[in-house]
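What follows is the residue order along each chain.
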Amino acid sequence: MAELIDGKRLAAEIRAELAALVVARVATGARRPGLVTILVGDDPASKIYVGRKQRESRGLGMLSESVELPADVEMPRLLDVIRDYNHRKDIDGILLQMPLPAHLDAEAAIGAITPAKDVDGLHPLNQGALFTGRLGIRPCTPMSCMVLLDRAGIDPHGLHAVVVGRSVLVGKPVAMLLLERDATVVMCHSRTSDLAAQVRGADIVIAACGSPELVRGAWIKPGAVVIDVGINRVGGRLIGDVEFAEAAKRAAHITPVPGGVGPMTVAMLLRNTYDACVAHDLEHRG
């Protein structure tokens, strides 16, 4: 059976490391890192996610603020809120919770966030920095995948990685992060011809396609590492994009769903916020 890559435990380790950094920072007289979350509408799942991010940021000793806007808010009002926080010197990270109501332009809203405060790593300048190998804030979920590999002792260098999923949120950026680490990367998706053959050759499989158990356990190469980003509610339970029970019989390491990538994503958001605070100080000191 595969060894579980415990995202909850690893996320707790990262939060403890960040809490110590915040304490040390404040002890020198420096300000606390600041994060604001912006929620539009009353989607129950989004409220849960935002509440968790707020609790965890406060738990680290960060300044934590929350803005809730009605579902019928107009675009100019949303942009005004974002611009206000762009100018706040005590706020280092702006998190605009997705999805937005259909009448709002999500791309324009993300583009209005100052790139240095875009702790989700979704601003076009940050995405472009990733694709051109320049410094910038990296997207939280793709970075979670890489940190899970690192903390499990998996070096992607020279390995054959298959990414199942091509979204700008996970699939494309995680492929670039793997390339930065010298993996050989094949990008697949739900319409790939003979997906099974592609997966069977992979040393690392990252599934992020939003299709319940699309990646069958029998496809997993013995000894492979499986990172399952998917989270799908089926029959009252949460399952991933990988057929977990069968895959776990063949893989060397595998993330559970839930309890794998999800907790790490929030930890990466908090790490991005801390790093943005440090970068802000360095910029103004220089």
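To start, this report covers the structure provided alongside it. Computed from a predicted structure; not experimentally measured.

1. Some remarks on the packing of helix α1 (residues 7-27) against helix α6 (residues 140-151)
For any two helices packed against each other, one specifies the inter-axial angle together with the distance between the axes. Where α1 meets α6, the closest approach of the two axes is 11 Å, and the angle between their N-to-C directions is 95°. By the angle class used here, α1 and α6 are roughly perpendicular. Judged by residue contacts, Gly 7, Leu 10, Glu 13, Ile 14 and Glu 17 of α1 engage Val 147, Leu 148 and Arg 151 from α6. Per-class residue counts for the contact of α1 with α6 are four nonpolar, one polar and three charged.

2. Considerations on the nonpolar core
Formed by 44 residues in total, the largest nonpolar core has its most connected members in Leu 149, Leu 178, Ile 206, Ile 227, Val 229 and Met 264. Elements with a minimum of two residues in this core: α1, α6, β5 (160-164), α7 (171-180), β7 (204-207), β8 (225-228) and α10 (261-285). With nine residues, the top contributor of residues to this core is α10. When sequence neighbours within four positions are dropped, the list of residues in contact with Ile 227 reads Ile 5, Cys 145, Leu 148, Leu 149, Val 205, Ile 206, Ala 207, Thr 255 and Val 261.

3. Side note on helix α3 (residues 75-86)
Under the 1.5 Å per step criterion, the end-to-end length of α3 is 16 Å for twelve residues, consistent within 8% with the ideal 16 Å. The set of residues buried in α3 consists of Met 75, Leu 78, Leu 79, Val 81, Ile 82, Tyr 85 and Asn 86. Buried residues in α3, looked at end-on, bunch into an arc of 155°, giving them a common side. In this fold, the buried residues of α3 make contact with β2 (34-40), β3 (63-69), β4 (93-96) and α4 (106-112).

4. Quick notes on the sheet that holds β3
Strand order in this open sheet of three strands is β3-β2-β4, and the pairing throughout is parallel. Strands with a single pairing partner mark the edges of an open sheet, and in this sheet they are β3 and β4. Direction aside, the axes of adjacent strands within the sheet are offset by 15° on average. Pairing analysis gives four bridges linking β2 to β4, with the strands arranged parallel. Across the sheet, residue Ile 38 finds its bridge partner in β4, namely Leu 96. On the sheet, α3 packs against β2, β3 and β4 and is oriented at approximately 170° with respect to β3. Packed on one face of the sheet, α10 meets β2 and β4 and runs near 130° to β2.

5. A look at unusual backbone geometry
Geometrically, the link from Met 98 to Pro 99 is a cis peptide bond, its omega value of 0° lying close to zero. For the bond running from Val 257 to Pro 258, omega is -5°, close enough to zero to count as cis. Following the sequence through the fold, Pro 258 ends up in the loop between β11 (253-254) and α10. For Asp 182, which is not a glycine, the phi torsion comes out positive at approximately 70°.

6. Re the pattern of salt bridges
Applying the stated criterion across every chain yields a total of 16 salt bridges. Note that Arg 9 and Glu 13 form a salt bridge whose closest N and O atoms lie 2.8 Å from each other. Pair noted here: Arg 9 and Glu 13 are both in helix α1, with a separation of four residues, about one helical turn. The exposure class of Glu 13 is partly exposed, given its relative accessible area of 31%. A salt bridge links Glu 246 to Lys 249; the shortest N-O distance between them is 3.0 Å.

7. Topic: α6
Along an α-helix, a turn takes 3.6 residues, which lines up residues three or four apart on a common side. Taking 1.5 Å per residue, twelve residues should reach 16 Å; α6 reaches 16 Å between its end C-alpha atoms and fits that length. Taken residue by residue, α6 has Cys 140, Thr 141, Pro 142, Met 143, Ser 144, Cys 145, Met 146, Val 147, Leu 148 and Leu 149 as its buried positions. In this structure, the buried side of α6 is in contact with α1, α7, β7, β8 and α10.

Rules used throughout
- Residues numbered from 1 in each chain as written.
- Predicted model: local features only at pLDDT ≥ 70, side-chain atom pairs only at ≥ 80, totals over all residues.
- Heavy atoms only, no water.
- Axes fitted to C-alpha atoms, helices over the stretch in contact; angles between N-to-C directions.
- Helix = DSSP H or I, 4+ residues; strand = E, 2+ residues; numbered from the N terminus.
- Parallel < 35°, antiparallel > 145°, perpendicular 65-115°, else oblique.
- Contact = heavy atoms within 4.5 Å.
- Nonpolar A, V, L, I, M, F, W, Y, C, P; charged D, E, K, R; others polar.
- Core = buried A, V, L, I, M, F, W, Y, C linked by side-chain atoms within 4.5 Å.
- Buried < 20%, exposed > 50% of the residue type's maximum accessible area, 1.4 Å probe, protein only.
- Expected span 1.5 Å × (residues − 1).
- Arc of directions from axis to C-beta.
- Pairing = 2+ DSSP bridges.
- Salt bridge = Lys/Arg side-chain N within 4 Å of Asp/Glu carboxyl O.

As far as function goes, none of this settles anything; it's purely spatial.
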